[in-house]
Amino acid sequence: MGSPAKASVESFDDIAPTALFTAYWRQYGNDPHAGPIFETAAAIWQQCGAPLPDFRKDERYHGPTMEIRQKVGDLLLKKAVATQVLDLGAGLSPRGLSKLGIPYVELDIPVMTTLKEMVLQRLHRTGLVERRPNHILVPGSALDPDTFAQAVSHFDRAKPVTVFSEGFLHYLNNDQRAQVATNVVRVLTEFGGAWVTDLPHLPLGSDGAPVPRFQNLGTSRDVRGLAFADQDTALKFFAGQRLVTKPEDSIAYADPGILSGLVSLDRVDLTKAEVAKKQSTWAMHIFHLAGSTRA
Ligand SMILES: C[S@@+](CC[C@H](N)C(=O)[O-])C[C@H]1O[C@@H](n2cnc3c(N)ncnc32)[C@H](O)[C@@H]1O
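Residues take numbers from 1 onward in each chain, read along the sequence in its written order. Confidence filtering applies because this is a predicted model: local features only for residues at pLDDT of at least 70, side-chain atom pairs given and counted only at 80 or more, and all residues used for totals across whole chains, interfaces and linings.

**Let's talk about the overall build of the protein chain**
Let me state the cut-off plainly: Elements are defined by DSSP. Helices are runs of H or I of four residues or more, strands are runs of E of two residues or more, and each kind is numbered from the N terminus. Using C-beta atoms placed from the backbone, we call a residue buried if 20 or more other C-beta atoms fall within 10 Å of its own, exposed if 12 or fewer do, and partly exposed for counts in between. By definition, residue pairs are in contact when their C-beta atoms, positioned from the backbone, come within 7 Å.
Along its length, the protein chain carries 13 helices and 8 strands. Looking at the protein chain as a whole, 45% of its 295 residues are labelled buried. Summarising the internal contacts of the protein chain: among those between residues at least 6 apart in sequence, 79% fall at separations of at least 24.

**Considerations on the nonpolar core**
Put simply, the test is: The nonpolar core is taken to be a set of buried Ala, Val, Leu, Ile, Met, Phe, Trp, Tyr and Cys residues joined by way of C-beta atoms within 7 Å.
Judged by nonpolar contacts, the single largest core of 81 residues is most densely connected at Leu86 and Val196. Setting aside residues up to four positions removed in sequence, Leu86 forms contacts with Val105, Leu107, Ala151, Val152, Val161, Val163 and Phe164.

**A short note on the site of the ligand**
Here is the rule: As a rule, any residue with its backbone-derived C-beta atom within 6 Å of a molecule or strand is reported as near that molecule or strand. Lys, Arg, Asp and Glu make up the charged group, whereas Ala, Val, Leu, Ile, Met, Phe, Trp, Tyr, Cys and Pro make up the nonpolar group; the residues left over, Gly among them, are polar.
Close to the ligand lie 22 residues, the nearest being Phe12, Ala19, Thr22, Gly89 and Gly91. For the shell around the ligand, the secondary structure elements donating two or more residues are helix 2 (17-26) and strand 2 (104-108). When residues in the shell around the ligand are grouped by element, the largest group, 3 residues, is from helix 2. Of the residues in the shell around the ligand, the class split is 13 nonpolar, 7 polar and 2 charged.

**Things to note about the environment of Arg242**
Within the secondary structure layout, Arg242 lies in the loop between helix 10 (231-240) and strand 6 (243-244). Placed 49 residues apart in sequence, Arg242 and Gly291 show a C-alpha to C-alpha distance of 8.4 Å. Look past the residues within four positions of Arg242 in its chain and what remains in contact with it is Val185, Leu289 and Ala290.

**Here we look at the packing of helix 3 (residues 34-47) against helix 6 (residues 110-125)**
This is how the line gets drawn: Axis definition: a line fitted to C-alpha atoms, limited for helices to the stretch in contact. Angles are taken between N-to-C directions and run from 0 to 180 degrees. Working rule for angles: under 35 degrees goes down as roughly parallel, over 145 as roughly antiparallel, 65 to 115 as roughly perpendicular, anything else as oblique. The crossing is said to be left-handed when, going from far helix to near helix, the turn is anticlockwise and less than a right angle, and right-handed when the turn is clockwise.
The interhelical angle for the contact between helix 3 and helix 6, taken along N-to-C directions, is 120°, at an axis separation of 9 Å. It follows that helix 3 is oblique to helix 6 by the angle criterion. Pair helix 3 / helix 6 crosses with right-handed handedness. Packed against helix 3, whose contacting residues are Pro36, Ile37, Thr40, Ala41 and Ile44, the element helix 6 presents Leu115, Met118, Val119, Arg122 and Leu123 at the interface.

**Points about the packing of helix 2 against helix 3**
For the pair helix 2 and helix 3, interaxial distance at closest approach is 8 Å and the crossing angle is 145°. Crossing angle aside, the handedness with which helix 2 passes helix 3 is left-handed. Across the interface between the two elements, Leu20, Ala23, Tyr24 and Arg26 of helix 2 pack against Ala34, Ile37, Phe38, Ala41, Ala42 and Trp45 of helix 3. Across the contact of helix 2 with helix 3, the residue classes break down as 9 nonpolar, no polar and 1 charged.

**A short note on unusual backbone geometry**
For Val81, which is not a glycine, the phi torsion comes out positive at approximately 50°. Positionally, Val81 belongs in the loop between helix 4 (62-79) and strand 1 (85-88). C-beta crowding within 10 Å serves as the criterion here: with 11 such atoms nearby, Val81 is assigned to the exposed category. Look at Arg242: it is not a glycine, yet its phi comes out positive at around 70°.

Structural measurements only, silent on function.
Structural data, given as structure tokens:
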């Protein structure tokens with residue numbers, strides 16, 4: 001591909017610190033790799049002379065949000081019968097480590113895949129993680145068709161691909177999201193499969209007004225300004241990209257089954273009801289190609 005995609009890789013570097021935020025808050029859940037990944041990444045980040053973002057420890061609900069997102073993502077990947085996964089903007093997520101056995105390809109900008117590779121190598125040396133040959137990090141932009149082609153070259157062409165993204169589309173504008181969607185649609189057309197993702201929209205309070213919810217998490221981008229007005233607007237946008245979901249392919253973050261058994265609640269001193277209220281309009285979805293008869 002030509003220069004526009006190359007230029008876009010450069011311009012997304014400011015989003016990289018947001019992955020440190022989510023890695024920090026993921027430690028409040030129960031993923032065994034979350035602590036070692038965050039500590040190692042933060043140490044490398046500082047050794048490189050970069051200041052650590054302010055994690056705003058008082059924003060306690062990020063802890064449950066990360067734990068909920070991990071749980072919902074795992075359930076939807078299972079429902080989508082994922083046999084090979086392409087994780088867009090995977091950042092420092094430990095998800096690829098737990099998907100033992102299946103090919104798991106992470107696509108992120110080079111600054112992040114370099115950091116992640118260093119983290120995984122250090123944890124491997126200390127015996128904390130196993131490096132599998134089919135857990136692969138691909139550097140590049142999810143907007144770039146060539147990077148996508150490189151990422152999917154690691155997959156078995158006879159099997160469907162499950163594209164996955166969480167906390168990634170929040171940082172893009174609609175034109176950029178459309179570019180990512182075009183790349184995903186091409187993969188789903190070629191392989192079959194589905195896209196499991198969250199949707200960045202502004203939650204509305206009981207008075208109908210947008211609730212302050214998003215933080216920019218260490219990037220200077222105006223994340224609230226980029227968000228869809230509400231979930232319906234987000235779903236219409238996806239439908240315009242030929243990507244559709246069904247109620248049974250969506251899981252609400254405030255679902256009682258999801259909220260039960262969260263270990264982060266006690267750790268951040270929040271109740272189930274408080275978290276349910278914050279998460280009341282949030283969900284993750286499985287999107288399929290409209291009109292597709294493939295898996
Ligand atoms: C908030 S973090 C989310 C990371 C991870 N999914 C998680 O939930 O912890 C956003 C991620 O998007 C990545 N990113 C930003 N622009 C990107 C692009 N154009 N292509 C691929 N990844 C990108 C960032 O480097 C960062 O890792």
